[in-house]
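Below are the chains, spelled out letter by letter.
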Amino acid sequence: VYVAAEGARGIVRLRRPAWRIAHHIDRPLPFYAIDTMPLVARPQDCIDLLKAIEARKIAPKLLVLDTVARMMAGKNENDAQDAGEFIEALDMLKRALGCTVLAIHHTGKDDSRGARGSNAFLGGVDTMLEVRAHHATKALALHVRKQKDADECETPWTFEGRIVGPSLVFFETDGETHRKLVKGDDQFNPAKVGQALRALQALGVGAGVSTLVLATHMTPMIQ
């Protein structure tokens, strides 16, 4: 169940159809979008959300709340007490539904400092993931910044966005592909220089070649 306080129409009309096309799904998709965000300032809203889910007769595996700022309307995300009330609301939803609850949050102006607002957010959640985007190539890296009761995974999951039908769909990539997308393919990295030297049989002091010969071998002249 995806609770979208903003962009709900885009999810239904663009994102979900694109995901179907990308993964060759032609059967009913158990993905439900709701555009009414429960507010922390109004505890009854969370109960109403649970009733709305129950009315659809579904038992979700994942509840997504998009975004934290919308859910905290009327509260101060910089205030530890208000942030604590938000965490309590997530815990209540998690217990009632028996599923994972994912709340989407933004970084501040200085994204190196992580999620904006009170440190109580980091202290209260079980898992915190951070998405880093390279907009020019649509490459994404998903980093684990906190994992309660387990070691944080040091290697991020990486993805590449591709246009599929009406929207962008992200496909998992390996580390080397991500590096090339983000930094470009370095034509003169040490491994390639070594490969060229071996091809020229130029290993060792007595067999050395000039940089001009090496460069010409690595970048053949185009007439």
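Everything numeric in this text was worked out from a predicted model, so none of it was measured.

The next subject is the pattern of salt bridges. Overall, the coordinates contain twelve salt bridges when judged by the stated rule. Two residues, D82 and K75, come together in a salt bridge whose shortest N-O distance is 4.0 Å. Looking at D82, the relative accessible area reads 14%, which means it is buried. In this structure, K148 and D126 form a salt bridge, with 4.0 Å as the shortest nitrogen-oxygen distance. In this pair, K148 sits in the loop between β6 (139-147) and β7 (157-164) while D126 sits in the loop between α5 (120-124) and β5 (127-134), placing the two residues 22 residues apart along the sequence.

With antiparallel pairing, the four strands of this open sheet are ordered in space as β5-β6-β7-β8. Because the sheet does not close on itself, it has two edges, and the strands there are β5 and β8 (167-173). Taking each pair of neighbouring strands and ignoring which way they run, the sheet shows an average axis angle of 30 degrees. The sheet contact formed by β5 and β6 spans eight bridges and is antiparallel. The partner of H134 across the bridge, within β6, is A139. Along the sheet, helix α1 (residues 8-22) contacts β7 and β8; its crossing angle with β8, the most-contacted strand, is approximately 45 degrees. Running at roughly 120 degrees to β6, helix α6 (residues 175-183) makes contact with β5, β6, β7 and β8 of the sheet.

The residue after D66, namely T67, is reached through a cis peptide bond having omega 20 degrees. Among the secondary structure elements, T67 is positioned in the loop between β3 (62-66) and α3 (68-71). Although it is not a glycine, K57 sits at a positive phi angle of roughly 60 degrees. Within the element layout of this structure, K57 appears in the loop between α2 (44-55) and β3.

With that settled, consider the nonpolar core. Within the largest apolar cluster, 26 residues are counted, with the highest numbers of intra-cluster contacts made by L49, L63, L65, M71, F86 and L93. Within the residue set of this core, elements represented by two or more residues are α2, β3, α3 and α4 (80-97). The element that contributes the greatest number of residues to this core is α4, accounting for seven residues. Residues contacting M71, with those up to four places away along its chain left out, are M37, P38, L39, V40, C46, L65, F86, A89, L90 and L93.

Interaxial distance between α2 and α4 falls to 11 Å at its minimum, and their mutual angle equals 25 degrees. Taken together, the axes of α2 and α4 lie roughly parallel to each other. Viewed along their axes, α2 and α4 form a crossing whose handedness is right-handed. Across the interface between the two elements, C46, L49, L50 and I53 from α2 touch A89, M92, L93, A96 and L97 from α4. Looking at the contact of α2 with α4 residue by residue, the classes come out as nine nonpolar, no polar and no charged.

Below, the discussion takes up the environment of V131. With respect to the helices and strands, V131 occurs in strand β5. For V131, a relative accessible area of 51% puts it in the exposed group. Residues V131 and H143, twelve residues apart in the sequence, show an inter-C-alpha distance of 6.4 Å. For V131, the contacting residues outside a window of four places in its chain are L140, A141 and L142.

Within the secondary structure, T173 is located in strand β8. Using a relative accessible area of 13% as the deciding quantity, one classes T173 as buried. Beyond its immediate chain neighbours, meaning those up to four positions away, T173 contacts T158, F159, E160 and H178.

Next up on the list: a nonpolar patch on the surface. On the surface, a nonpolar cluster with roughly 270 Å² of combined accessible area is contributed by I163, L168 and F170. Its location among the elements puts L168 in strand β8.

Conventions adopted
Residue indices begin from 1 for each chain and proceed along its sequence in written order. For a predicted model such as this one, the threshold for reporting local features is a pLDDT of at least 70, and the threshold for listing and counting side-chain atom pairs is 80 or more; totals across whole chains, interfaces and linings nevertheless cover every residue. Side-chain metrics in this entry use all non-hydrogen atoms of the structure; hydrogen atoms and water are not considered. Any Lys or Arg side-chain nitrogen found within 4 Å of a carboxyl oxygen on Asp or Glu counts as a salt bridge. Only protein chains enter the accessibility calculation, which uses a 1.4 Å probe. A residue is then buried if its area is under 20% of the maximum for its type, exposed if over 50%, and partly exposed in between. Here a helix means four or more residues in a row that DSSP labels H or I, a strand means two or more in a row labelled E, and each is numbered from the N terminus. Any two strands with at least two DSSP-identified bridges between them are counted as paired. Lines fitted to C-alpha atoms define the axes here, with helix axes fitted over just the stretch in contact, and angles between the N-to-C directions of these axes take values from 0 to 180 degrees. Residues are treated as being in contact if the distance between any of their heavy atoms lies within 4.5 Å. Side-chain atoms within 4.5 Å are what join buried Ala, Val, Leu, Ile, Met, Phe, Trp, Tyr and Cys residues into a set we call a nonpolar core. Oblique is the label for any angle not covered by the other classes, which are roughly parallel (under 35 degrees), roughly antiparallel (over 145) and roughly perpendicular (65 to 115). Note on convention: the crossing is left-handed when the near helix lies turned anticlockwise from the far helix by less than a right angle, right-handed when the turn is clockwise. For this classification, the nonpolar set comprises Ala, Val, Leu, Ile, Met, Phe, Trp, Tyr, Cys and Pro, the charged set comprises Asp, Glu, Lys and Arg, and every other residue, Gly included, is treated as polar. The residues that make up patches have over 30% relative accessible area and no salt bridge, and they are joined within 9 Å when like-charged or within 5 Å when they are Val, Leu, Ile, Met, Phe, Trp or Tyr. Per-residue and other accessible areas were derived by the Shrake-Rupley procedure at a 1.4 Å probe size, with only the shown protein chains allowed to occlude residues.

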